[in-house]
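Geometric and topological summary
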Amino acid sequence: MKKPYALLGLTLLLLINTANAQDTPHVIAHRGYWKAEGATQNSIRALQHAIRIGAYGSEFDVLVTADGIPIVNHDNQIDGQKIEDTPYKALRHHRLANGELLPSLRQYLRTGARQQNTRLILEIKTHSSPEKEKEAARIALAEVKRAKAQDMVDYISFSSCIADELVRLDPNARVFYLNGDFSPAEAKAHGYAGIDYHYNVLRHNPTWIDEAHQLGLEVNVWTVNQEDIMRWAIDQGIDYITTDEPEHLQALLNLTE
Ligand code: MG
């Protein structure tokens, strides 16, 4: 009679350990740790600060120029010039608010791939046509491969066209969908690694977190800057929290461990 009880005890122990693992979300710095000294959103300096504080991940935005060069920038325009209609040479001398030159994805990955502790959360922004979006997915994958950073990059996108193309071109790529309109089952059917939704989407669909986990998907939530929402996300067992306040969240996690 002893063995079944021993097995039950071991099972319970494993369950408790699994629950604990789920209870500690990973911290992702949104557009890098851009509030730190000398940084600005999507700058290499912001990536360096995210690495310095030991963030699990550092998120950044990618758009592709008219001549096929991927650059790191959030807005689809720079100085009134639409990035996807403008050649790289007309943008490369643009300076960010912290004085850095506008980083290309290649330059950005050079810094990101030099270390192994902070994952690179690469968002491909929406472009104006499915053709351009598929091309952006192909170009981003090629740059990551060139930097030998495949194991360090997760991809995110609001566009299911981009996300689907990433999965099609590289079935090993970890792709998370941002737009909030797919149930976990739909995200799974698209081949995504998880959902990465605004916290209000998850609050309005409270079953989605457990449903995602039961399907083997991971859950990321954005952009969580207030402490009460951080606490909510921690309590929900969400796997990743994307925030503009990564040190604040780290401190909170240390307190709740
Ligand atoms: Mg982004």
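Structure: above.
Described below are features of the structure shown in this document. (Residues numbered from 1 in each chain as written. Predicted model: local features only at pLDDT ≥ 70, side-chain atom pairs only at ≥ 80, totals over all residues. Heavy atoms only, no water.)

1. What to know about the pattern of salt bridges
For the structure shown, the criterion picks out 13 salt bridges. Salt-bridge contacts for lysine 35 lead to glutamate 245; the nearest nitrogen and oxygen are separated by 2.6 Å. With a gap of 210 residues between them, lysine 35 in the loop between β1 (26-29) and α2 (44-52) and glutamate 245 in the loop between β11 (240-243) and α10 (246-256) connect regions that are remote in the sequence. A relative accessible area of 44% means that lysine 35 is categorised as partly exposed. The salt bridge partner of glutamate 227 is arginine 231, with a shortest N-O separation of 2.9 Å. One end of the pair, glutamate 227, and the other, arginine 231, are both in helix α9 (residues 227-235), four residues apart, so they sit about a helical turn from each other. By relative accessible area, glutamate 227 is classed as partly exposed at 31%. Relative accessible area serves as the criterion here: at 38%, arginine 231 is assigned to the partly exposed category. Salt bridges linked by common partners bring Arg31, Asp61, Glu123 and Lys125 together as one network. (Salt bridge = Lys/Arg side-chain N within 4 Å of Asp/Glu carboxyl O. Helix = DSSP H or I, 4+ residues; strand = E, 2+ residues; numbered from the N terminus. Buried < 20%, exposed > 50% of the residue type's maximum accessible area, 1.4 Å probe, protein only.)

2. Overview of the pairing of strand β10 (residues 218-222)
Taken together, the five bridges between strand β9 (residues 194-198) and β10 define a ladder with parallel strand orientation. When the bridges of β10 are listed, tyrosine 197 appears paired with valine 221. Here β10 pairs with β11 via two bridges, running parallel. Each residue of the ladder has a partner; that of valine 221, found in β11, is isoleucine 241. (Pairing = 2+ DSSP bridges.)

3. Things to note about the pairing of β9
Looking down a regular strand, the side chains alternate between one sheet face and the other. Of all five residues in β9, four are buried, a share of seventy percent or more. Pairing of strand β8 (residues 174-177) with β9 involves two bridges; the strand directions are parallel. Looking at the pairing, tyrosine 177 lines up with isoleucine 195 of β9. Each parallel crossover has a hand, and the one from β8 via helix α6 (residues 184-189) to β9 is right-handed. (Right-handed = clockwise from strand over helix to strand, strands pointing away.)

4. Comments concerning the coordination of the magnesium ion
Ligation of the magnesium ion by protein atoms is provided by Glu59 (OE), Asp61 (OD) and Glu123 (OE), these donors lying 2.0 to 2.1 Å from the ion. We note that the donor set of the magnesium ion lies within a single chain, spaced as E-x1-D-x61-E. By the burial criterion, glutamate 59 is buried, and aspartate 61 matches it. (Donors = N, O, S within 2.8 Å, 3.2 Å for Na, K, Ca; no water.)

5. Things to note about the side chain of serine 43
Along the chain, serine 43 falls in the loop between β1 and α2. Looking at serine 43, the relative accessible area reads 0%, which means it is buried. One polar contact links the side chain of serine 43 to the main-chain carbonyl oxygen of threonine 40, over a distance of 2.7 Å. The contact partners of serine 43, leaving out residues within four places of it in the chain, are Leu96, Asn98, Glu100 and Tyr108. (Polar contact = N/O pair within 3.5 Å; in protein donor to acceptor, adjacent residues only side chain to side chain. Contact = heavy atoms within 4.5 Å.)

6. Things to note about the nonpolar core
Within the largest apolar cluster, 54 residues are counted, with the highest numbers of intra-cluster contacts made by Leu122, Tyr155, Leu202 and Val221. Ranked by residues supplied to this core, first place goes to helix α4 (residues 130-146) with six residues. Residues Leu63, Tyr88, Leu91 and Leu96 belong to the second largest nonpolar core, which totals eight residues. (Core = buried A, V, L, I, M, F, W, Y, C linked by side-chain atoms within 4.5 Å.)

7. A word on the packing of α2 against helix α3 (residues 105-112)
Helix-helix packing is described using two parameters, namely the angle between the two axes and the distance between the axes. Where α2 contacts α3, the two axes come as close as 10 Å, and the packing angle between them is 20°. As judged from the angle between their axes, α2 and α3 are roughly parallel. Classified by chirality, the crossing of α3 by α2 is right-handed. Contacts between α2 and α3 involve Ile44, Leu47 and Gln48 from the first element and Gln107, Tyr108, Thr111 and Gly112 from the second. Within the contact of α2 with α3, the residues separate by chemical class into three nonpolar, four polar and no charged. (Axes fitted to C-alpha atoms, helices over the stretch in contact; angles between N-to-C directions. Parallel < 35°, antiparallel > 145°, perpendicular 65-115°, else oblique. Left-handed = near helix turned anticlockwise from the far one by under 90°. Nonpolar A, V, L, I, M, F, W, Y, C, P; charged D, E, K, R; others polar.)

8. Concerning a positive patch on the surface
A cluster of like positive charges, contributed by Arg110, Arg114, Arg146 and Lys148, occupies part of the molecular surface. Assignment of secondary structure puts arginine 114 in the loop between α3 and β6 (119-124). On the basis of relative accessible area, arginine 114 is assigned to the exposed category, the value being 63%. (Patch = residues over 30% accessible without salt bridge, like charges linked within 9 Å, V, L, I, M, F, W, Y side chains within 5 Å. Areas by Shrake-Rupley, 256 points an atom, 1.4 Å probe, with all protein chains shown as cover. Lys, Arg positive; Asp, Glu negative; His and termini not counted. Charge placed at Lys NZ, Arg CZ, Asp CG, Glu CD.)

9. Describing the packing of aromatic side chains
We describe a pair of aromatic rings using the distance from one ring centre to the other and the angle between the two ring planes. All told, the structure shown has nine aromatic pairs when counted by the stated rule. Consider the rings of phenylalanine 158 and tryptophan 222, whose centres lie 5.6 Å apart with planes at 80°: the pair is edge-to-face. Residue phenylalanine 158 is located in the loop between β7 (153-157) and α5 (160-169), and its partner tryptophan 222 is located in strand β10; the two are separated by 64 residues in the primary sequence. Considering the side-chain rings of tyrosine 177 and tyrosine 197, the 6.4 Å spacing of their centres and the 75° angle between planes classify their relative orientation as edge-to-face. Of this pair, tyrosine 177 sits in strand β8 while tyrosine 197 sits in strand β9; the two residues are 20 residues apart in sequence, bridging distant segments of the chain. Aromatic ring contacts, followed pair by pair, group Tyr177, Phe182, Tyr192, Tyr197 and Trp208 into a single cluster. (Phe/Tyr/Trp six-rings, centres within 6.5 Å; stacked < 30°, edge-to-face > 60°.)

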